[in-house]
Amino acid sequence: MNKMKNLSVLFTMLFCMLCGVQAQTIKVNDKFFDGSTLYTVYEVRMDKYVRMTDPYGGELALEKTAGKPGMYTLQPTAQADEPPFGARFGWKVQYIRQDGMNFLAIRKPSGDVMWTMVLTPNNLDECLELQNLMKQDMPSEITSNTLLNRPYLADIPNKKELRLMRNEILARHGYRFKSKDLQEWFGQQYWYHPGNNNDAIKLSLIEQVNVQLIKSEEDSRVE
């Protein structure tokens, strides 16, 4: 177990070192991992159109949004499959380069992140091994310091657990809940100390994205 923990810490350090370099744009040979699939950029045309492919022959196409640095939209092509996780062509994709992280955030029309793809130096096998290591941690141990992805959340058994996971991120900042069940649940946790001003709570970038990702997974469940 200690060996796996050390590997997880090492991955986090390497990832932060990689992402500490503020990339200006998506480049040919960049690789993005979404928790199950590794996409490799094979074409950047006119510094505007981006095409990437996965090991199974699938393709993803993006078009840069004029006048909005780091913003793209999902685009159909003759080879592109329907986007995964319920995404739709035309939805916005933001290349986030902040707080030591480089990743693509696919957003719903509401603006919430519903799919993430992390810039990585690793091959697919290495990415999948690291994904498995992440699954061995308790969700409460990683939701505030590790960027989640949809395949990870797909393994959470039900909507109730997803809801508790999402609200625990807020609870650890002292969020005062209105829902009685959440009050009772978190009131039993020794670390929970509700504050008096929810508006004063500031989530980190990772926490903000994770809250939105978890909510997207909840919304996709039919139970």
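Predicted, not measured: the structure shown is a model, and the values here were computed from it.

Caption draft 1: Molecular detail of helix α7 (residues 205-220). For α7, which comprises 16 residues, the first-to-last C-alpha distance of 23 Å matches the rise-based estimate of 22 Å (1.5 Å per residue) to within 8%. Among the 16 residues in α7, twelve count as buried, and that is most of the element. Taken together, the buried positions of α7 are L205, I206, E207, V209, N210, V211, Q212, L213, I214, S216, E217 and E218.

Caption draft 2: Summary view of the layout of surface pockets. The computed volume of the second largest pocket comes to approximately 320 Å³. Taken together, 13 residues make up the lining of the second largest pocket; nearest its centre are P139, S140, L164, M165 and E168. Only α3 (139-142) and α5 (159-171) provide two or more residues apiece to the lining of the second largest pocket. No other element matches the four residues that α5 contributes to the lining of the second largest pocket. Here the residues of the lining of the second largest pocket sort into seven nonpolar, three polar and three charged.

Caption draft 3: Geometry of the packing of aromatic side chains. On inspection of all chains with the given rule, the structure shows eight aromatic pairs. Consider the rings of F177 and F186, whose centres lie 5.2 Å apart with planes at 15 degrees: the pair is stacked. A relative accessible area of 5% means that F177 is categorised as buried. Note on F186: relative accessible area 0%, which makes it buried. Ring geometry for W191 against Y192: centres 6.4 Å apart, planes inclined by 80 degrees, an arrangement best described as edge-to-face. For the residue pair W191 and Y192, the accessibility class agrees, reading buried in each case. An aromatic cluster is defined as three or more aromatic residues linked by ring pairs; in this entry it consists of Y175, F177, F186, W191 and Y192. Lying over the aromatic face of Y95, R97 brings its terminal NZ or CZ to 5.2 Å of the ring centre. Sitting above the plane of the W191 ring, R172 keeps its charged end 4.0 Å from the centroid.

Caption draft 4: Structural detail: the sheet that holds strand β2 (residues 38-45). Pairing is antiparallel around the closed barrel formed by eight strands, whose spatial order is β1-β2-β3-β4-β5-β6-β7-β8. Across the sheet, the axes of successive neighbouring strands diverge by a mean angle of 35 degrees, strand direction being ignored. With five bridges joining them, strand β7 (residues 101-107) and strand β8 (residues 113-119) adopt antiparallel strand pairing. Bridging across to β8, F103 finds its partner in V118. Sheet strands in contact with α7 are β6 (92-98), β7 and β8, and its direction is about 130 degrees off that of β8.

Caption draft 5: Representation of the nonpolar core. One finds F103, L148, L153, V209 and I214 to be the most contacted residues of the largest nonpolar core, which totals 22 residues. Of all the secondary structure elements, the ones that give two or more residues to this core are β7, β8, α4 (150-154), α5 and α7. If one sorts the elements of this core by residue count, α7 sits on top with six residues. In contact with L148, not counting residues within four places along its chain, are T116, I142, T143, L153, M165, N210, L213 and I214. Grouped together as the second largest cluster of nonpolar side chains are 20 residues, Y72, L74, L104 and M117 included.

Cut-off values and rules
Residues numbered from 1 in each chain as written. Predicted model: local features only at pLDDT ≥ 70, side-chain atom pairs only at ≥ 80, totals over all residues. Heavy atoms only, no water. Helix = DSSP H or I, 4+ residues; strand = E, 2+ residues; numbered from the N terminus. Expected span 1.5 Å × (residues − 1). Buried < 20%, exposed > 50% of the residue type's maximum accessible area, 1.4 Å probe, protein only. 1 Å grid on protein atoms, 1.4 Å probe; cavity = no way out; pocket = protein on both sides within 12 Å on 5 of 7 lines; lining within 4 Å. Points joined across faces, edges and corners; volume = space filled by probe spheres on them. Nonpolar A, V, L, I, M, F, W, Y, C, P; charged D, E, K, R; others polar. Phe/Tyr/Trp six-rings, centres within 6.5 Å; stacked < 30°, edge-to-face > 60°. Lys NZ or Arg CZ within 6 Å of the ring centre and 35° of its normal. Pairing = 2+ DSSP bridges. Axes fitted to C-alpha atoms, helices over the stretch in contact; angles between N-to-C directions. Contact = heavy atoms within 4.5 Å. Core = buried A, V, L, I, M, F, W, Y, C linked by side-chain atoms within 4.5 Å.

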